[in-house]
Amino acid sequence: MLDLLITNARVVNEGQVQTLDVGIRDGRIERLASHIDQPARETLDANGRHLLPGMMDDQVHFREPGLTHKADMASESAAAVAGGITSFMEMPNVRPPTLDAATLEAKYELARERAWANYAFYHGASNDNLEAIKALDPSTTCGIKIFMGASTGNMLVDAPQTLESIFANASIPVVTHCEDTPMVQAREQAYRERYGEDLPFRLHGEIRSREACLKSSGMAVDLARRHGTRLHVLHLTTAEEMALFEPGPVENKQITAEACVHHLWFSDEDYDHLGSFIKCNPAIKTPADRDAIRAAVNEGRIDIVATDHAPHTLSEKNNSYFAAPSGMPLVQHALLSLLEQVHQGNFTLETVVEKTSHNVARRFEVADRGFIREGCFADLVLVDMTRDTHVERESLLYKCGWSPFEGTTFRARIEATFVNGQRVWDGQQLVGVPAGQRLTYRRS
Ligand code: DOR
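Naming follows an unreviewed UniProt entry, where the protein appears as Dihydroorotase of Kushneria phosphatilytica. Its UniProt record gives the protein the following Sequence similarities (unreviewed entry) comment, quoted word for word: "Belongs to the metallo-dependent hydrolases superfamily. DHOase family. Class I DHOase subfamily." Here is the UniProt Cofactor (unreviewed entry) comment for the protein, exactly as written: "Zn(2+)".

Per the secondary structure count, the protein includes 14 helices and 19 strands. Taking 22 Å as the expected radius of gyration for a compact globule of 444 residues, we find that the protein reaches 21 Å, a close match to that expectation. Across the 444 residues of the protein, 61% fall into the buried class. Taking all contacts inside the protein whose residues are at least 6 apart in sequence as the whole, residues at least 24 apart take part in 74%.

Attention shifts here to the pattern of salt bridges. In total, this model carries 34 salt bridges according to the counting rule given. A salt bridge links E179 to R208; its shortest N-O distance comes to 2.7 Å. One end of the pair, E179, is in the loop between β11 (174-177) and α5 (181-195); the other, R208, is in the loop between α6 (204-207) and α7 (210-227), with 29 residues separating them in the sequence. Taken individually, E179 and R208 each receive the classification buried, so the pair is uniform in this respect. One salt-bridge network, held together by shared partners, links R49, R387, R413 and E415.

This part is about the packing of α5 against α7. Two elements in contact, α5 and α7, have axes separated by 8 Å at closest approach and are oriented at 165°. The angle between the axes of α5 and α7 places the two elements in the roughly antiparallel class. Taken as a pair, α5 and α7 cross one another with a handedness that is right-handed. On α7, the residues touching M183, V184 and R187 of α5 are E211, A212 and K215. Looking at the contact of α5 with α7 residue by residue, the class counts come to 3 nonpolar, no polar and 3 charged.

As for its placement among the helices and strands, F364 is situated in helix α14 (residues 349-364). According to the relative accessible area criterion, F364 is buried, its value standing at 0%. With 172 residues separating them along the chain, F364 and R192 place their C-alpha atoms 41 Å apart. When residues no more than four places from it in sequence are discounted, the contact partners of F364 are D58, M89, Y122, C142, P173, V175, H232, I304, Y441 and R443.

Turning next to the pairing of strand β3 (residues 28-33). Across 5 bridges, the pairing between strand β2 (residues 16-25) and β3 is antiparallel. Note that in β3 the partner of V22 across the bridge is L32. Here β2 folds back onto β3 in antiparallel fashion, the turn holding 2 residues, of which D26 has a positive phi close to 50°.

What follows covers helix α11 (residues 287-299). End to end, α11 covers 18 Å across 13 residues, agreeing with the expected 18 Å (1.5 Å per residue, within 8%). Among the residues of α11, D289, R290, A292, I293, R294, A296 and V297 are the ones counted as buried. G300 occupies a position one or two residues after α11 and carries a positive phi of about 90°.

A packed helix pair is summarised by two numbers, namely the angle formed by the two axes and the spacing between the axes. Close contact between helix α13 (residues 334-343) and α14 brings their axes to 9 Å; oriented N to C, the two are set at 150°. Taken together, the axes of α13 and α14 lie roughly antiparallel to each other. For α13 against α14, the interelement crossing comes out right-handed. When α13 is examined against α14, the residues L335, L338, L339 and V342 are found in contact with a partner set consisting of L349, V352 and T356. The residue makeup of the contact of α13 with α14, split by class, is 6 nonpolar, 1 polar and no charged.

Take the sheet that holds strand β7 (residues 85-90) next. Pairing within the open sheet is parallel, and its 3 strands lie in the order β6-β7-β8. Each edge of the sheet is formed by a strand with only one pairing partner; in this case those strands are β6 (55-60) and β8 (118-121). Across this sheet, the average inter-strand angle for adjacent strands is 20°, counted without regard to direction. Pairing geometry for β6 and β7, over 4 bridges, is parallel. Opposite D57, over in β7, you have F88 as the bridge partner. Against the sheet, helix α2 (residues 101-111) makes contact with β7 and β8, and its axis sits at roughly 165° relative to β8, the strand it touches most.

Reading the values: rules and limits
- Residues numbered from 1 in each chain as written.
- Predicted model: local features only at pLDDT ≥ 70, side-chain atom pairs only at ≥ 80, totals over all residues.
- Heavy atoms only, no water.
- UniProt positions renumbered as here; feature names shortened; annotations may be inferred.
- Helix = DSSP H or I, 4+ residues; strand = E, 2+ residues; numbered from the N terminus.
- Rg over C-alpha atoms; globule rule 2.2 N^0.38 Å.
- Buried < 20%, exposed > 50% of the residue type's maximum accessible area, 1.4 Å probe, protein only.
- Contact = heavy atoms within 4.5 Å.
- Salt bridge = Lys/Arg side-chain N within 4 Å of Asp/Glu carboxyl O.
- Axes fitted to C-alpha atoms, helices over the stretch in contact; angles between N-to-C directions.
- Parallel < 35°, antiparallel > 145°, perpendicular 65-115°, else oblique.
- Left-handed = near helix turned anticlockwise from the far one by under 90°.
- Nonpolar A, V, L, I, M, F, W, Y, C, P; charged D, E, K, R; others polar.
- Pairing = 2+ DSSP bridges.
- Expected span 1.5 Å × (residues − 1).

Below you can see the structure in the form of structure tokens.
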């Protein structure tokens, strides 16, 4: 007896769209066939709608522990499953920062029975935790996060010898935030002198400049080449940086690259109406940069598309330029923004699935997720590409209660999300209980 039988779904998986039935038992996909004639406790007729492997978001900030006035594991993972995200990898710039095995394990405890999606946590790097990095157990974390540029939280790693040692000693993927902090600080000072405190948000991309991004990303790539490190460079924002990365299948790469949904959607033309809402690091840059990043997604230079979901409260955001923190909440509409771009002709559905799911599983060697295959966990999202989603403040599940997408209509809808075979989102509301599991890895 199957627990759930999904019939007549247009399954988007591994470069193909095929009409299939999907049989689910004990949390996993048991059968995949053009027709399954097997009894099931529940049957769902997908009626030709698209079934995708759930998005695996490799970059989120859910703010626990210590910053729960902005967000928490329960609220943000609820928003994630409403948006079709079934697994997340969460960042270490919390309080206390995640810099050793004990702080890491404490986060897994916080997620247990509270996370609606499956979860992993990054081990952070600092200028003085090399011994903890050397000692870390590769089965306990998705990767090592290095802030090679200062951002929210005080986690900058800028000591050259420390960077050399981390890149030389990392046994698992290293992921980097790349912006050259001295260059950013020099621009901040110059712009403060010129404009005072209240400068227009549209100058954010000049302060957090393209040169600062390129210098730091180039340095990360150089370090990884010299040390043979498995490097994944996060949230790239400029056309020039695309040339640092090679096209080709992610399995063959030592160095991979990520773009985030807001850099694929917004441009510096949006600062005048969205202001601090789209202030983030690295900054959103020009329409030409956005076009170059979209092209790089299609060429395979960008391997993964993620969110960098980084919520701050409205009162924190409602400040002048220097006082407003960087980052925006994104998980609830990330996949929808990409599906809208399928309608616009920017991406194919197959590419969206490859970048948001398959390649994350491949890059981080996640076990049994990221694909619609027999034996994999049933982490699935049912999507209707013919119905709209209008983003209104009342529909947001984020603790911070706002979104940069308010007022936008996406020409797609998340009809249902399944995590480990359990329906957790029914198109209108959360259902069931938070039963995300800890991610595991196939690592040699
Ligand atoms: O805009 C950002 N916000 N970029 C980051 O790197 C950190 C994030 C946050 O945690 O707020």
